[in-house]
Amino acid sequence: MTLQQWCFSYRGRLGRRDFWIWQIVWLLTMTALFTLAGNDLLDTQTAAFCVVCLLWPASAVLVKRLHDRNKRGYWALLLVVAWILLAGNWGVLGTAWHSGLGRFVPALIFIAMLCELGLLSGSAGENRYGRAAQPVRYFGKRSVEKSPYQ
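The rules behind these values
Residues numbered from 1 in each chain as written. Predicted model: local features only at pLDDT ≥ 70, side-chain atom pairs only at ≥ 80, totals over all residues. Heavy atoms only, no water. Core = buried A, V, L, I, M, F, W, Y, C linked by side-chain atoms within 4.5 Å. Buried < 20%, exposed > 50% of the residue type's maximum accessible area, 1.4 Å probe, protein only. Helix = DSSP H or I, 4+ residues; strand = E, 2+ residues; numbered from the N terminus. Salt bridge = Lys/Arg side-chain N within 4 Å of Asp/Glu carboxyl O. Axes fitted to C-alpha atoms, helices over the stretch in contact; angles between N-to-C directions. Parallel < 35°, antiparallel > 145°, perpendicular 65-115°, else oblique. Contact = heavy atoms within 4.5 Å. Nonpolar A, V, L, I, M, F, W, Y, C, P; charged D, E, K, R; others polar. Polar contact = N/O pair within 3.5 Å; in protein donor to acceptor, adjacent residues only side chain to side chain. Phe/Tyr/Trp six-rings, centres within 6.5 Å; stacked < 30°, edge-to-face > 60°.

(A) Geometry of the nonpolar core. Grouped together as the largest cluster of nonpolar side chains are 23 residues, with contacts concentrated most on Trp-6, Leu-14, Trp-22, Val-61, Leu-62, Leu-117 and Val-136. When contributions to this core are tallied by element, the ones reaching two or more residues are α1 (3-8), α2 (16-38), α4 (55-68), α5 (77-87) and α6 (95-119). Considering every element that reaches this core, the biggest residue donor is α2, with five residues.

(B) Quick look at the pattern of salt bridges. Taken as a whole and assessed by the stated rule, the structure comprises five salt bridges. A salt bridge links Arg-17 to Asp-18, with the nearest nitrogen and oxygen atoms 3.0 Å apart. The partly exposed category is assigned to Arg-17, whose relative accessible area is 45%. Lys-71 is paired through a salt bridge with Glu-116; the nearest N and O atoms lie 3.6 Å apart. Taken together, the residues span a long stretch of sequence, with Lys-71 in the loop between α4 and α5 and Glu-116 in helix α6 at a distance of 45 residues. Residues participating in the shared-partner salt-bridge network are Arg-13, Arg-65 and Asp-68.

(C) Main features of the packing of helix α3 (residues 44-53) against α4. Orientation of α3 relative to α4, taken along the N-to-C sense of each, is 25°, at an axis distance of 4 Å. Between α3 and α4, the interaxial angle falls into the category roughly parallel. Only Leu-55, Trp-56 and Pro-57 of α4 make contact with α3, whose side of the interface consists of Val-51, Val-52 and Cys-53. Taken together, the residues of the contact of α3 with α4 sort by class into six nonpolar, no polar and no charged.

(D) Structural detail: the side chain of His-67. Inspection of the secondary structure puts His-67 in helix α4. Within the structure, His-67 has its side chain in polar contact with the backbone oxygen of Gly-12 (distance 3.2 Å). Apart from residues no more than four positions distant in its own chain, His-67 is found in contact with Tyr-10, Gly-12, Arg-13, Gly-73, Asn-127 and Tyr-129.

(E) Inspection of the packing of α2 against α6 at higher detail. The geometry of α2 relative to α6 is characterised by a closest axis approach of 8 Å and an angle of 125° between their N-to-C directions. Relative to α6, α2 is oriented oblique. Contacts from Arg-16, Phe-19 and Trp-20 of α2 reach α6 at Leu-114, Leu-117, Gly-118 and Leu-119. Broken down by class, the residue content of the contact of α2 with α6 amounts to five nonpolar, one polar and one charged.

(F) Up close: the packing of aromatic side chains. Counted under the stated rule, the structure contains five aromatic pairs. Seen in terms of ring centroids, Trp-6 and Trp-22 are 5.8 Å apart; in terms of plane orientation they differ by 85°. Their pairing is edge-to-face. With a gap of 16 residues between them, Trp-6 in helix α1 and Trp-22 in helix α2 connect regions that are remote in the sequence. A single burial state applies to Trp-6 and to Trp-22, both of which are buried. With 5.3 Å between their ring centres and 65° between their planes, Trp-83 and Phe-110 make a pair best called edge-to-face. Taken together, the residues span a long stretch of sequence, with Trp-83 in helix α5 and Phe-110 in helix α6 at a distance of 27 residues.

Laid out in structure tokens, this is it:
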């Protein structure tokens, strides 16, 4: 898989290693953006634009990882639901609603998705989304050794 396919394509499957590499890149990028914006070294609108630009690659990585687990990409919408619940003003409904819908349910979704995507291995062999996950080639083409049987 090429770097462009890794970041921008929703087709295929992605292994755990490349999923975790994306998570680290995303976390470092978000940390840098919010740190720079918080210290007035970067305009807030520019930081927000960068965050929006990262939505496509983030969703592509999530969908391909779900495909590796033999699940539809629509399962990634659970994370959108978790963010909406986390951002909601549930305090107006009482503390039970605030704790349950505002904190517990999103935490449960995040933990379940993290276990599903980051800890469990993909389905063995080919599934309905293609052949087994191939590692991402981050630095262009690698030399491929030819088999003596070809």
